[in-house]
Amino acid sequence: MINRRTFSKALGLGTGAAAASLAGLQGLPTASAATQNGTTAPTALTVTPGAHTSFATLKQIKAGPLDIGYAELGPAHGPVVICLHGWPYDIHSFVDVAPLLAAEGYRVIVPYLRGHGTTRFLSSRTFRNAQQSAIALDIIALMDVLKIEKAVLAGFDWGSRTADIIAALWPERVKALVSVSGYLITNLEANKQPLPPKAEYAWWYQYYFATERGRLAMEDKTKRHDLTRLVWDTVSPTWDFDDATFERTAAAFENPDYADIVIHNYRWRLSLADGERRYDRFEKQLAARPVIAVPAITLDAEHDPFTAPGDGSSYRDRFTGKYDHRTLKGTGHNVPQEAPTAFAQAVIDVDHF
């Protein structure tokens, strides 16, 4: 059973900080209905979204071409969960999820992706590349330097894509997977085909970023701020967040490489910008739509404009291992921050598959 003492130890918090964290959590773990192989997954503590506003400390570590900034909660020798954010978001998407998982004994790692927050390139000469395989290899490099052999990966948006890629190409490094929006690995040729108009409408900023006007908007602090806030408002229409919540994340967009990384990511996905030849072999593998064989839970958000119709049927064949799919009612695009308890429960459940 988790009490105040064990909870504070798990999170690495002092008594006062633990008390503040506990204020946003209700209930103690009980047996859940998620049982696999005779093992019952515990039920996550319940948290009120927005109960936590920050991570106590941030760490920095050199990995691959980056000096990666990341938050870490939970016992140093606990099973590892790596939480991966999307765009236009940052590590605060997991500010409520991470304490829930730490309370269950997990070591939770939440890194800033390249171009975000305190993550920096080690060399000014490095190409500011945001193609999908490069970002995935950043996380492999982080795991290597932290001596993490295998982890549960959980993400949304860019984070889902990154986790999907690692699970597909390096399954030996992935214990299990939670992927919002399912299978998001990009096939450049397939991505040249038009989507239904309603779906294209939701992607307006992708086409804006294909223009120099879009690039200038990303480089302008005020326009970048207002554009990303508009995206938050439109893709999470039922999320009642306050200005302070957005501003905490928007601070991560002040990274000097942010504009270059965002623009390159979306232009590369539309085949309007080149990647690097050293990643060609990985992209060739990904173009074949490799299956994901590790245990997986996919999450769809009811009010996310990017949620494909069919309750996950469009990507079900890409997951060949133990699998579950869940639709989260009343939730928009930023699933872990809008529905932290459900997201944390998915992580706990998939770890017990």
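Scope of this entry: the structure provided in the associated data block. Keep in mind that this is a model prediction, so the values were computed, not measured.

**Side note on the environment of T211**
Moving on, step 1. Residue placement: T211 occurs in the loop between α7 (204-208) and α8 (212-219).
Moving on, step 2. Looking at T211, the relative accessible area reads 32%, which means it is partly exposed.
Moving on, step 3. Residues T211 and R267 lie 56 residues apart in sequence; the distance between their C-alpha atoms is 9.2 Å.
Moving on, step 4. A polar side-chain atom of T211 sits 2.7 Å from the main-chain carbonyl oxygen of Y208.

**Some thoughts on the packing of α8 against helix α11 (residues 258-269)**
Moving on, step 1. Put simply, α8 and α11 touch, their axes get as near as 8 Å, and they point 150° apart. Relative to α11, α8 is oriented roughly antiparallel. Considering how the two elements wind past one another, α8 and α11 form a crossing that is right-handed. Contacts between α8 and α11 involve E212, G214, R215, M218 and E219 on the former and, on the latter, Y258, A259, D260, V262, I263 and R267.
Moving on, step 2. Considering only residue class, the contact of α8 with α11 consists of five nonpolar, one polar and five charged.

**Thoughts on helix α14 (residues 340-351)**
One turn of the α-helix equals 3.6 residues, which is why residues spaced by three or four share an orientation.
Moving on, step 1. The end-to-end C-alpha separation of α14 is 17 Å, in line with the 16 Å expected for twelve residues at 1.5 Å each.
Moving on, step 2. Buried residues dominate α14, accounting for ten of its twelve residues.

**Some details on the pattern of salt bridges**
When charged atoms on two side chains of opposite charge get close, those side chains can pair.
Moving on, step 1. Summed over all chains, the structure comprises 17 salt bridges.
Moving on, step 2. Residues D351 and K175 are paired through a salt bridge, measuring 2.8 Å at the closest nitrogen-oxygen approach. With D351 in helix α14 and K175 in strand β11 (residues 174-180), this residue pair connects regions lying 176 residues apart in the sequence.
Moving on, step 3. Given the relative accessible area of 40%, K175 is considered partly exposed.
Moving on, step 4. Among the salt bridges present, the one from D233 reaches R229, with a minimum N-O distance of 3.4 Å. Within this pair, D233 and its partner R229 are both found in helix α9 (residues 221-235), separated by four residues, close to a single helical turn.
Moving on, step 5. With a relative accessible area of 38%, D233 lands in the partly exposed category.
Moving on, step 6. A cluster of three or more residues bridged by salt bridges with shared partners is formed by K59, E72 and R107.

What counts and what doesn't
- Residues numbered from 1 in each chain as written.
- Predicted model: local features only at pLDDT ≥ 70, side-chain atom pairs only at ≥ 80, totals over all residues.
- Heavy atoms only, no water.
- Helix = DSSP H or I, 4+ residues; strand = E, 2+ residues; numbered from the N terminus.
- Buried < 20%, exposed > 50% of the residue type's maximum accessible area, 1.4 Å probe, protein only.
- Polar contact = N/O pair within 3.5 Å; in protein donor to acceptor, adjacent residues only side chain to side chain.
- Axes fitted to C-alpha atoms, helices over the stretch in contact; angles between N-to-C directions.
- Parallel < 35°, antiparallel > 145°, perpendicular 65-115°, else oblique.
- Left-handed = near helix turned anticlockwise from the far one by under 90°.
- Contact = heavy atoms within 4.5 Å.
- Nonpolar A, V, L, I, M, F, W, Y, C, P; charged D, E, K, R; others polar.
- Expected span 1.5 Å × (residues − 1).
- Salt bridge = Lys/Arg side-chain N within 4 Å of Asp/Glu carboxyl O.

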